[in-house]
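Examination of the molecular architecture
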Amino acid sequence: MSDLLKKTYCDSALISTIYHYLELGSTNNIAKQMVLQDKEQNFGIISKTQTAGYGQRGHFWESPSGGLWCSLALKPEINPRRMGLIPILCALSVAKALKSYHISTRLKWPNDILHSTDNKKLGGIIVEGKVSRKDVEYLIIGIGININTYLKQYSLPLRKDITSTLEITKTHIELEPLLHKIINSLERGFNNMARGEEGDILLEWKKWDNILGRKITITSNNIEFEGIAKDLTKYGQIILELDDGREISFASGNLSLL
Ligand code: BTN
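Per-chain numbering applies: the sequence of each chain, read as written, is numbered from 1 onward. For this predicted model, a pLDDT threshold of at least 70 governs which residues receive local features, and a threshold of 80 or more governs which side-chain atom pairs are given and counted, while totals over whole chains, interfaces and linings are taken from all residues. The basis for every side-chain value is the complete set of heavy atoms in the structure, and neither hydrogens nor water enter the calculation.

Details of the pairing of strand 12 (residues 247–250)
As a reminder, the rule being used: A pair of strands is considered paired only if DSSP assigns at least 2 bridges between the two. The helix count covers DSSP runs of H or I at least four residues long, the strand count covers runs of E at least two residues long, and both are numbered beginning at the N terminus.
In this sheet, strand 12 lies alongside strand 11 (residues 238–242) in antiparallel orientation, the contact comprising four bridges. Residue pairing in the sheet places Glu 241 in a bridge with Glu 247 of strand 12. In this structure, the hairpin formed by strand 11 and strand 12 is closed by a connection of four residues, where Gly 245 is found at a positive phi of approximately 90°.

If you want it as structure tokens, here you go:
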């Protein structure tokens, strides 16, 4: 692990301090370590590069210099049954923050941020943590967005599926102000949830969604299901209508558009 470069502060009830590193294995792993060993909470970690960044299902996450690779550690006062809404809220917060830089995105349930014109992946979210039946002990929200990166910095096979804000707009974005926008938006979302207004989050998410009403497959526990993505439940699960008319909801899974 490289040395701490600097510490900055954030004017948010959600996150107070942001730790900046040059290179880490994974910001999520370091954040987890700090929560468990140092009992820290409400902080963020940014690293310029990651050597062992990971995404959903443990996939290696390429993290070249210029991207926003960060993790937020927090303890929100939310009902654990609402956990499925967290990736949705995070993806929405990223989409809204990027919109303020005139970058238009679509959201692919539960955690993908795609560029709206070609559906290429701009970023993703991974939510980890410790949740009991009664409360959420801690959450680590990992956010990876291809910001000031060139496609040539990624491996050849990945290049056809992804893009970056630099490739789209040819302009540089300061990473920390972008992260502050995401955090502020997340904070508003958590406040909505605390007031029982999660319906607003779902309604807003649907304006950015690119899968509802479309034919998809979801692979869950190694079984592939095919059907129409009908809706989201109030807990953020996706409802799939199978060909025989039955409806099944999924809390997670690997989703592909047909
Ligand atoms: C996905 O599979 O789409 C989620 C990718 C999440 C990647 C980010 S980068 C910062 C943080 N640290 C990690 O190791 N992963 C997340």
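Focus: the environment of Gly 253
Quick reminder of the rule: Burial here depends on accessible area, computed with a 1.4 Å probe over protein chains only, as a share of the maximum for the residue type. Under 20% is buried, over 50% is exposed, and the range in between is partly exposed. Contacts: residue pairs with any heavy atoms within 4.5 Å of one another.
Looking at the element boundaries, Gly 253 is found in the loop between strand 12 and strand 13 (254–257). The exposure class assigned to Gly 253 is buried, which follows from its relative accessible area of 16%. Residues Gly 253 and Ile 238, 15 residues apart in the sequence, show an inter-C-alpha distance of 9.6 Å. The residues contacting Gly 253, other than those within four sequence positions of it, are Arg 57, Trp 109, Pro 110, Ile 218 and Thr 219.

Looking at the site of the ligand
Quick reminder of the rule: Any residue with a heavy atom lying within 4 Å of a molecule or strand is counted as near it. Counted as a polar contact is a pair of N or O atoms within 3.5 Å, where, for protein atoms, one must be capable of donating a hydrogen and the other of accepting one, and residues adjacent in sequence contribute only when both atoms are in side chains. In these tables, accessible area is a Shrake-Rupley quantity obtained with a 1.4 Å probe, and a residue counts as shielded only by the protein chains included in the view. Each residue receives one of three labels: charged for Asp, Glu, Lys and Arg, nonpolar for Ala, Val, Leu, Ile, Met, Phe, Trp, Tyr, Cys and Pro, and polar for the others, Gly being one of them.
Near the ligand there are 20 residues, and of these Ser 26, Gln 50, Tyr 54, Gln 56 and Lys 121 occur at the shortest range. The side chain of Gln 50 places a nitrogen or oxygen atom 2.9 Å from a nitrogen atom of the ligand. Contact with the protein chains covers 98% of the free accessible surface of the ligand, which is 410 Å². The set of elements that each furnish at least two residues to the shell around the ligand consists of helix 1 (27–38), strand 4 (68–74), strand 7 (121–131) and strand 8 (136–145). It is strand 7 that contributes the most residues to the shell around the ligand, four residues altogether. When the residues that make up the shell around the ligand are grouped by side-chain class, the tally is seven nonpolar, eleven polar and two charged.

Some thoughts on the sheet that holds strand 6 (residues 112–115)
Let me state the cut-off plainly: Structural elements are reduced to axes, namely lines fitted to C-alpha atoms, with helices fitted over the stretch in contact, and the angle between N-to-C directions of any two is expressed from 0 to 180 degrees.
The eight strands are arranged 1-2-3-4-8-7-6-5 in an open sheet whose pairing can be described as mixed. The sheet is open, and its two edges are formed by strand 1 (4–9) and strand 5 (105–108), each paired on a single side. Across this sheet, the average inter-strand angle for adjacent strands is 20°, counted without regard to direction. Direction of pairing for strand 3 (residues 43–50) relative to strand 4: antiparallel, over a ladder of five bridges. Bridged to Ser 47 within strand 4 is Trp 69.

Regarding the layout of surface pockets
Note the cut-off: Cavities and pockets were defined on a 1 Å grid built from protein atoms only: a cavity is a group of points that admits a 1.4 Å probe but offers it no way out, a pocket is an open group of points flanked by protein on both sides within 12 Å along at least five of seven lines, and a lining residue is one with an atom within 4 Å of any such point. Grid points are joined across faces, edges and corners, and a volume is the space filled by probe spheres set on the points.
The calculated volume of the second largest pocket comes to roughly 340 Å³. Listed by contribution, the elements that provide at least two residues to the lining of the second largest pocket are strand 1, strand 2 (17–24), strand 3 and helix 5 (175–194). Here the lining of the second largest pocket gets three residues from one element, more than from any other, and that element is strand 3.

A closer look at the domain arrangement of the protein
So the rule is basically this: For the domains described, the bounds stem from an automatic or database domain assignment. As a working definition, buried area equals the accessible area (1.4 Å probe) given up by two parts on being put together, with both sides summed. Take a side-chain nitrogen of Lys or Arg and a carboxyl oxygen of Asp or Glu: if they are within 4 Å of each other, that pair is a salt bridge.
Domains assigned within the protein are domain 1 (4–208) and domain 2 (215–257). Here domain 1 and domain 2 have C-alpha centroids that lie 24 Å from each other. When the two sides are added together, the surface that domain 1 and domain 2 hide from each other amounts to roughly 1200 Å², 61% of it contributed by carbon and sulfur. Taken as a group, Arg 57, Lys 108 and Trp 109 account for 48% of the area that domain 1 buries against domain 2, more than any other trio of residues on that side. Counting across the domain 1 and domain 2 interface gives one salt bridge.

Looking at the sheet that holds strand 13
As summarised here, the arrangement of the five strands in space is 12-11-10-9-13, forming an open sheet in which the pairing is antiparallel. What marks the edges here is a single partner per strand, and that holds for strand 12 and strand 13. On average, each strand axis in the sheet is tilted by 45° relative to the strand beside it, whichever way the strands run. Alignment of strand 9 (residues 215–220) against strand 10 (residues 223–232), held across six bridges, turns out to be antiparallel. By the bridge assignment for strand 10, Thr 217 is matched with Glu 226.

Regarding the packing of aromatic side chains
Put simply, the rule reads: Working definition: rings of Phe, Tyr and Trp (its six-membered ring) pair if their centres are within 6.5 Å, and the pair is stacked with planes under 30 degrees apart, edge-to-face with planes over 60 apart, and tilted otherwise. In this analysis the charged atom, NZ for Lys or CZ for Arg, is taken to sit over a ring once it is within 6 Å of the ring centre and within 35 degrees of the ring normal.
A complete count under the given rule lists two aromatic pairs for this structure. Centre to centre, the rings of Tyr 19 and Phe 43 are 5.9 Å apart; their planes meet at 70°, and the pair counts as edge-to-face. Here Tyr 19, found in strand 2, pairs with Phe 43, found in strand 3; they are 24 residues apart in sequence, far enough to count as distant. With relative accessibility at 9%, the residue Tyr 19 sits in the buried group. The buried category is assigned to Phe 43, whose relative accessible area is 0%. In this structure, Lys 152 packs its charged tip against the face of Tyr 150, placed 5.0 Å from the ring centre. Over the ring of Tyr 101 we find Lys 181; its NZ or CZ atom is 4.7 Å from the centre of that ring.

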